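# Examination of the molecular architecture
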Amino acid sequence: MKINKIAVVVGTRPTFIELAPIIHELQKTGIETLIYHTGQHYDNEMSSVFLDQLQIPQPHENFNAGGGTFSEQISTILTGCENLLEKDKPDLLVVEGDTNTAFGSALAAPGKQTPIVHVEAGCRSFDKSLPEEVNRVLISHIADVHFPPTPNCRKNLLNEGIREEAIGFVGHPIVDAVNLVKNKLHDSSKLGFDIERGKYYYVTIHRNFNTDNPSRLEHILHELSKMAETKPIVFPVHPRTRSRIQQFKLEKYLKNIKVIQPVDYVTSLSLTKDAYAVISDSGGLTKESCIFGVPYVSLRPNTEWIETLTGYANQLAFEKGNTIRDCIDRLDRNYDAARKTMRSLQVLFGRTGLSATIAKQISEWEVA
Ligand code: UD1
Ligand code: UDP
């Protein structure tokens, strides 16, 4: 069956970023491309700023699913998506990653006989305490077409019984996302944060594993406040984290940290490319740190990107009694080697033009 209409679901910061180049490429094929925005992220600096900067077309609908519990978000997204699939009757529904946005919308599709395309499929941390792990495993088992970002993710899909014929091209759109704004990146020392290139840490925190556990969040902020005595820290604070810091009364640890609102994509990439190291629990920043060859410290006990755990390029701060300080000490002692290893990992997330390949395969997929 020929594909005439595709619906693409966005709704969180990483989905805007990682689907933007695929949306552009789908539009070039001439196939009608509808954009559904779940509204899971809704503040200007978590949503509109990315739509503008990445030139994502105005979404056709917004489900206003922001805030609330897992079940509230899923039910709003499921209902919104079900209604639109009924009305628009797209030939395919494209979802990305592991957020409630992706899972809630994917759940609506089988009942409406709409095949699901899953971009960034097959990532696994094998840690079911993380809501993202549950979301992505379940999506894999209702999706019809899977685009794994790396050979390891492809292997994970095959190990779970996903048919080889249902797996598409292996690669990630992130390099193309970076390329969309690459010529706009700033010299980070000119951003007004009073930092020098290569002499600051770029920090983000948002996983509920870190934010919703008061003692863990306190431990992280305490460590960061000690590190900021020797090297500045720039910390754009995610809304979830901001509210937990207030709730647990942890503001005292932020006095010497450059705490700012979430930044736009150009600023985030500018801060990443010039950082001494990125310290974060973000999946997106893991990939971008690889692209720019900047060492990364994961504020996690595990990662889906296991290939990066080599030569101090990416260290797990909470693995086997490790601390953030241990990771930084090791990085200081092995910095040049760590940068070299990180640079050698640039190929992991592919190269320019993979979004076009993924979009072409999506647009030509033989829908049963
Ligand atoms: C979600 C994803 C996570 C992803 C992250 C990217 C799930 C389960 N989690 O986590 O995988 O890494 O997005 O950033 O889907 N809030 C605002 N304004 C906003 C957005 C959120 O104030 O624009 C507040 C709300 O109070 C909300 C809380 O932040 O309850 C958490 O937001 P939510 O979208 O539920 O989860 P994230 O932590 O953002
Ligand atoms: N990012 C951004 N502004 C910020 C923090 C992050 O633009 O203030 C970008 C970052 O460059 C990356 C993406 O957001 O591309 C990652 O999103 P997030 O960390 O929220 O989610 P995750 O990738 O962990 O799912």
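Heads up: the structure comes first, above all this text.
Residues numbered from 1 in each chain as written. Chains lettered and ligands numbered in written order. Predicted model: local features only at pLDDT ≥ 70, side-chain atom pairs only at ≥ 80, totals over all residues. Heavy atoms only, no water.

Take the sheet that holds strand β3 (residues 61–62) next. The parallel open sheet is built from six strands, whose spatial order is β3-β2-β1-β4-β5-β6. Where the open sheet ends on each side, the last strands, each with one partner, are β3 and β6 (145–147). Examined bridge by bridge, strand β1 (residues 5–10) and strand β4 (residues 92–96) share three bridges and lie parallel to one another. Bridge assignment links Val8 to a residue of β4, and that residue is Val94. Strand contacts of helix α1 (residues 13–28): β1, β2 (32–37), β4 and β5 (116–119), with the helix running at about 165 degrees to β1, the strand carrying the most contacts. (Pairing = 2+ DSSP bridges. Helix = DSSP H or I, 4+ residues; strand = E, 2+ residues; numbered from the N terminus. Contact = heavy atoms within 4.5 Å. Axes fitted to C-alpha atoms, helices over the stretch in contact; angles between N-to-C directions.)

Below, the discussion takes up the site of ligand 1. Around ligand 1 sit 16 residues in total, of which His41, Asn100, Glu132, His206 and Arg240 are the nearest. Within the side chain of Gln73, an N or O atom sits 3.0 Å from an oxygen atom of ligand 1. Compared with its free state, where it exposes 740 Å², ligand 1 has 85% of that area covered by protein. (Near = heavy atom within 4 Å. Polar contact = N/O pair within 3.5 Å; in protein donor to acceptor, adjacent residues only side chain to side chain. Areas by Shrake-Rupley, 256 points an atom, 1.4 Å probe, with all protein chains shown as cover.)

With that out of the way, let us pick up empty space enclosed by the protein. Going through the model one piece at a time under the given rule, you end up with two cavities of 30 Å³ or more. Approximately 50 Å³ is the volume attributed to the largest cavity. Around the largest cavity, the lining residues are Asp127, Leu130, Arg207, Phe209, Arg300, Pro301 and Asn302. Taken together, the residues of the lining of the largest cavity break down into three nonpolar, one polar and three charged. Counted as a void, the second largest cavity has a volume near 30 Å³. What lines the second largest cavity is simply Asp281, Ser282, Gly283, Thr286, Tyr296, Ser298, Arg300, Thr303, Glu304 and Trp305. (1 Å grid on protein atoms, 1.4 Å probe; cavity = no way out; pocket = protein on both sides within 12 Å on 5 of 7 lines; lining within 4 Å. Points joined across faces, edges and corners; volume = space filled by probe spheres on them. Nonpolar A, V, L, I, M, F, W, Y, C, P; charged D, E, K, R; others polar.)

Moving on: the pairing of β5. By the alternation rule, side chains of β5 split into Ile116 and His118 and Val117 and Val119, which are all buried. Handedness of the β4-helix α4 (residues 100–108)-β5 crossover: right-handed. Here three bridges tie β5 to β6, and the two strands are oriented parallel to one another. What sits directly across from Val117, in β6, is Val145. On the question of chirality, the crossover connecting β5 to the parallel β6 by way of helix α5 (residues 131–140) is right-handed. (Buried < 20%, exposed > 50% of the residue type's maximum accessible area, 1.4 Å probe, protein only. Right-handed = clockwise from strand over helix to strand, strands pointing away.)

Extensive coverage of helix α7 (residues 174–181) is indicated by the burial of six of its eight residues. Residues of α7 that are buried include every one of Ile174, Val175, Asp176, Ala177, Val178 and Val181, and no others. As for α7, its buried residues are in contact with α1, α2 (48–53), α11 (265–273), α12 (283–292) and α15 (354–364).

Another point: the packing of α7 against α11. Put simply, α7 and α11 touch, their axes get as near as 10 Å, and they point 105 degrees apart. With respect to α11, the axis of α7 lies roughly perpendicular. Two secondary-structure elements touch here, α7 through Ile174, Ala177, Val178 and Val181 and α11 through Tyr265, Val266 and Leu269. For the contact of α7 with α11, a count of residues per class yields seven nonpolar, no polar and no charged. (Parallel < 35°, antiparallel > 145°, perpendicular 65-115°, else oblique.)

The six strands are arranged β9-β8-β7-β10-β11-β12 in an open sheet whose pairing can be described as parallel. In this open sheet, the two edge strands, each paired with only one partner strand, are β9 (258–260) and β12 (314–316). Shown here is a sheet whose adjacent strand axes are inclined to one another by a mean of 20 degrees, direction ignored. Two strands pair when backbone bridges link them, and strand β10 (residues 277–280) and strand β11 (residues 296–298) are joined in this way by three bridges, in the parallel orientation. Residue pairing for β11: Ser280 is matched across the bridge by Ser298.

Another aspect to go through is the site of ligand 2. If you check the shell around ligand 2, you find 18 residues, and the closest are Val263, Ser268, Ser282, Gly284 and Glu288. Arg13 places a side-chain nitrogen or oxygen 2.9 Å from an oxygen atom of ligand 2. Interatomic distance of 2.8 Å between a side-chain N/O atom of Arg207 and an oxygen atom of ligand 2. Calculation on ligand 2 without its partners gives an accessible area of 530 Å², and the protein chains cover 95% of this total. Secondary structure elements with two or more residues in the shell around ligand 2: α1, α11 and α12. A per-element tally of the shell around ligand 2 places α12 first, with four residues.

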